[in-house]
Amino acid sequence: MSGRTGSAAPAQNGCPAAVRERSPPLGQSYDLAGKVMLLGDSGVGKTCFLLQFKDGAFLSGTFIATVGIDFRNKVVAVDGVKVKLQIWDTAGQERFRSVTHAYYRDAQALLLFYDITSKMSFDNIRAWLTEIHEYAQKDVVIMLLGNKADVSSERVIRMEDGQSLAREYGVPFMETSAKTGMNVELAFLAIAKELKQRAVQLPDEPRFQIHDYIESQKRKSSCCSFM
Ligand SMILES: Nc1nc2c(ncn2[C@@H]2O[C@H](COP(=O)(O)OP(=O)(O)OP(=O)(O)O)[C@@H](O)[C@H]2O)c(=O)[nH]1
C-alpha cells in the first residue's frame, strides 16, 4: 500500500507523497545500502522531512496524511564510501500501524519524530519506543527528533525535555525543521556514517560514536541554528 489520501491534490497542498523509486537513477552507483524508517505520530512532519532531504523543498499548506508506506532513495557519500539510504516514510495514523509493523524488521535505522508544538506527539514517544523494541531488530539505530523547531511561538516541548527523554533511552537527539532544513542533512548523514561503520569496520579505525558526532556537528553550526 502506498500514496497519501487525496494524493491527486495539487502539489502545493501540503507535502506530497514520497514517490516510489524501485532502483537508483542511472549513474547512481553505491557501495552499500541501508534501510531507514521514519516513525512518529501523524502530522509531526515525516514526509516533509524526507522531501527536504531528498529535494531541498518544503511545501506548506493543507496537511495530507500518508497512507501506508512509501519510500525514496538517496545516495550520500561518507568518507569516500557511497551509502544508499532507502528511506521508508510511514503513515503515523493508528489505523496503518499493522502495515508498518511488517517493515520494522528490515530496517537498520529508525528516525523517531515528535512535533515540538504537540504535547501528545511527545507523550506518545514512549509508546513508539515500546513498539520499536517489539518489532525492530535488537541492534537498530534509533534517533529521536523534535521537529518544527522553526515554530518557536507555538513550542510546548522544551528542548531539555527532548534531551532528557533521549538520555533515558540512550538514543541520540536533535531538534529539526523540515521547513528551514535545520539538522535534516545531519540526521541522515549521522545514520549513513553509522551504517558505513558497521559494514566496513577497519581494524585500526576508532569506533564511530553517533552521539559524539551529532554533538560536535551541532556545536559547529550553533551560530546559525535555533538550538
Ligand atoms: N512549520 C513547520 N511545519 C511543518 C514542518 N514539518 C511539517 N510541517 C507541516 O506539518 C504538516 C504535516 O506534515 P507531514 O510531513 O505531512 O506529516 P507526517 O508526519 O508525514 O504525517 P503522516 O503522513 O500522517 O504520518 C504539514 O502541514 C506540513 O506543512 C516543520 O518543520 N515546520
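Analysis parameters
- Residues numbered from 1 in each chain as written.
- Predicted model: local features only at pLDDT ≥ 70, side-chain atom pairs only at ≥ 80, totals over all residues.
- Helix = DSSP H or I, 4+ residues; strand = E, 2+ residues; numbered from the N terminus.
- Buried ≥ 20, exposed ≤ 12 C-beta atoms within 10 Å, placed from the backbone.
- Contact = placed C-beta atoms within 7 Å.
- pLDDT = per-residue confidence, 0-100.
- Near = placed C-beta within 6 Å.
- Nonpolar A, V, L, I, M, F, W, Y, C, P; charged D, E, K, R; others polar.
- Axes fitted to C-alpha atoms, helices over the stretch in contact; angles between N-to-C directions.
- Parallel < 35°, antiparallel > 145°, perpendicular 65-115°, else oblique.
- Pairing = 2+ DSSP bridges.
- Left-handed = near helix turned anticlockwise from the far one by under 90°.
- Core = buried A, V, L, I, M, F, W, Y, C linked by C-beta atoms within 7 Å.
- Arc of directions from axis to C-beta.

A tally of helices and strands in the protein yields 7 helices and 6 strands. Sequence-ordered secondary structure for the protein, helices as α and strands as β, is β-α-β-β-α-β-α-α-β-α-β-α-α. Put simply, the protein has 227 residues, and 39% of those count as buried. For the protein, the proportion of contacts with a sequence separation of at least 24, taken over those separated by at least 6, is 76%.

Turning next to the confidence of the model for the protein. Model confidence for the protein is summarised by a mean pLDDT of 86, while 85% of its residues fall at 70 or above. Low pLDDT, under 50, characterises residues 1-13; the stretch is placed with 30 contacts to residues that sit more than four places away or in other chains. Confidence drops under a pLDDT of 50 for residues 18-24, and excluding neighbours within four residues, the segment shows 16 contacts in the predicted structure. Across the assembled chains, the prediction reports ipTM 0.99 with pTM 0.87.

With respect to spatial proximity, 23 residues lie near the ligand, and among them Ser-42, Gly-45, Ala-65, Thr-66 and Gly-92 are the closest. The greatest single-element share of the shell around the ligand, amounting to 3 residues, is contributed by helix 1 (residues 46-55). Classifying every residue of the shell around the ligand gives 8 nonpolar, 11 polar and 4 charged.

Two numbers describe how helix 1 lies on helix 6 (residues 184-199): the axes approach to 9 Å, and their chain directions differ by 80°. Judged by the inter-axis angle, helix 1 sits roughly perpendicular to helix 6. The segment helix 1 lies against helix 6, with Phe-49, Gln-52 and Phe-53 engaging Val-184, Glu-185 and Phe-188. A class-by-class count of the residues in the contact of helix 1 with helix 6 yields 4 nonpolar, 1 polar and 1 charged.

To continue, consider unusual backbone geometry. One non-glycine residue, Lys-148, adopts positive backbone phi at about 70°. Within the element layout of this structure, Lys-148 appears in the loop between strand 5 (141-147) and helix 5 (159-169). At Asn-183, a residue that is not glycine, the phi angle is positive and equals roughly 65°.

Attention now moves to the pairing of strand 3 (residues 81-90). As judged from the 7 bridges shared by strand 1 (residues 32-40) and strand 3, these two strands associate in the parallel manner. When the bridges of strand 3 are listed, Gly-34 appears paired with Leu-85. Two elements, strand 2 (residues 69-78) and strand 3, share 10 bridges in a ladder whose sense is antiparallel. Along strand 3, the bridge assignment pairs Ile-69 with Thr-90. What sits between strand 2 and strand 3 in their antiparallel hairpin is a turn of 2 residues, with Asp-79 showing a positive phi close to 50°.

Looking now at the packing of helix 6 against helix 7 (residues 210-220). One way to put it is that helix 6 packs onto helix 7 with a least axis distance of 10 Å and a crossing angle of 150°. By the criterion of interaxial angle, the relationship of helix 6 to helix 7 is roughly antiparallel. Pair helix 6 / helix 7 crosses with right-handed handedness. Packed against helix 6, whose contacting residues are Leu-186, Ala-190, Lys-193 and Glu-194, the element helix 7 presents Ile-210, Tyr-213, Ile-214 and Gln-217 at the interface. Each residue belonging to the contact of helix 6 with helix 7 can be placed in one class, and the counts come to 5 nonpolar, 1 polar and 2 charged.

Core analysis: the biggest nonpolar cluster contains 53 residues, and Leu-110, Leu-112 and Ile-191 have the highest contact counts within it. Of all the elements, helix 6 adds the most residues to this core, at 8 residues. Each residue touching Leu-112, except ones within four places of it in the same chain, is listed here: Leu-39, Gly-40, Ile-125, Trp-128, Ile-142, Met-143, Leu-144 and Leu-145.

Okay, helix 4 (residues 125-135) next. Along an α-helix, residues three or four apart share an orientation, since each turn contains 3.6 residues. All of the buried residues in helix 4 are Ile-125, Trp-128, Leu-129 and Ile-132. Taken around the axis of helix 4, the buried residues stretch over an arc of 100°, which confines them to a single face. Of the exposed residues in helix 4, those oriented more than 90 degrees away from the buried face are Arg-126, Ala-127, Thr-130 and Glu-134. Where helix 4 is buried, its residues meet strand 1, strand 4 (109-115), helix 3 (119-123), strand 5 and helix 5.

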